[in-house]
Amino acid sequence: MSNPDEQWYWDLRRKQAVPADERGPAEDMMGPYATKGEAENWQTKVEQRNEAWDDDDEEWESWGENDEDD
């Protein structure tokens, strides 16, 4: 049975999900993730996060451009 408190990482070097107690150097890891499945799908999560950051950047950079002077 799996431990609900266990964290998972994606090992970029080994190209596999590993439990926290088997993780390697930080520069080779993505995570932590709550489940093995989330770790295996790390790329989707990263892409979603990056898109959200890009949207936030666009909103920040265009702030005030559409304001009309009264």
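The structure reproduced in this document is the subject of the present report. Given the structure is predicted, the values throughout are model-derived calculations rather than measurements.

Our focus in this paragraph is the pattern of salt bridges. In this structure the tally under the stated criterion is two salt bridges. One salt bridge in this structure joins Asp-11 and Arg-14, with 2.6 Å as the shortest N-O distance. You can call Asp-11 buried: its relative accessible area is 0%. Under the relative-accessibility criterion, Arg-14 is labelled partly exposed at 33%. Arg-13 is the partner of Asp-28 in a salt bridge, and the nearest nitrogen-oxygen pair spans 3.4 Å. Here Arg-13 lies in the loop between β1 (8–11) and β2 (16–19) and Asp-28 lies in the loop between β2 and β3 (29–33), a separation of 15 residues in the sequence. Overall, Asp-28 belongs to the buried group, its relative accessible area being 18%.

Side chains of Glu-47, Glu-51, Asp-54, Asp-55, Asp-56, Asp-57, Glu-58, Glu-59 and Glu-61 sit close together on the surface and give a patch of like negative charge. Position of Glu-47 relative to the elements: it lies in helix α2 (residues 42–61).

Thresholds applied
- Residue numbers here run from 1 along each chain, matching the order of that chain's written sequence.
- Owing to the predicted nature of the model, reporting of local features is limited to residues with pLDDT of at least 70; listing and counting of side-chain atom pairs is limited to 80 or more, with chain, interface and lining totals taken over all residues.
- Side-chain measures here rest on the full set of heavy atoms in the structure, leaving out hydrogens and waters.
- Note on definitions: salt bridges are taken to be side-chain nitrogens of Lys or Arg within 4 Å of carboxyl oxygens of Asp or Glu.
- Relative accessibility decides the category of a residue: with a 1.4 Å probe and only protein chains considered, values under 20% of the type maximum give buried, values over 50% give exposed, and everything between is partly exposed.
- Only runs of H or I of at least four residues qualify as helices and only runs of E of at least two qualify as strands under DSSP, and these elements are numbered from the N terminus.
- Patch construction takes residues with relative accessible area above 30% that form no salt bridge. Like charges are linked within 9 Å, and nonpolar side chains (Val, Leu, Ile, Met, Phe, Trp, Tyr) are linked within 5 Å.
- Shrake-Rupley sampling with a 1.4 Å probe provides the accessible areas, and residues are treated as covered by the protein chains on show and by no other component.
- For the purpose of counting charges, residues Lys and Arg are taken to be positive, whereas Asp and Glu are taken to be negative. His and the chain ends are not included.
- Just so you know, the charge point we use is NZ for Lys, CZ for Arg, CG for Asp and CD for Glu.

Everything listed here is a matter of geometry and, on its own, says nothing about what the molecule does.
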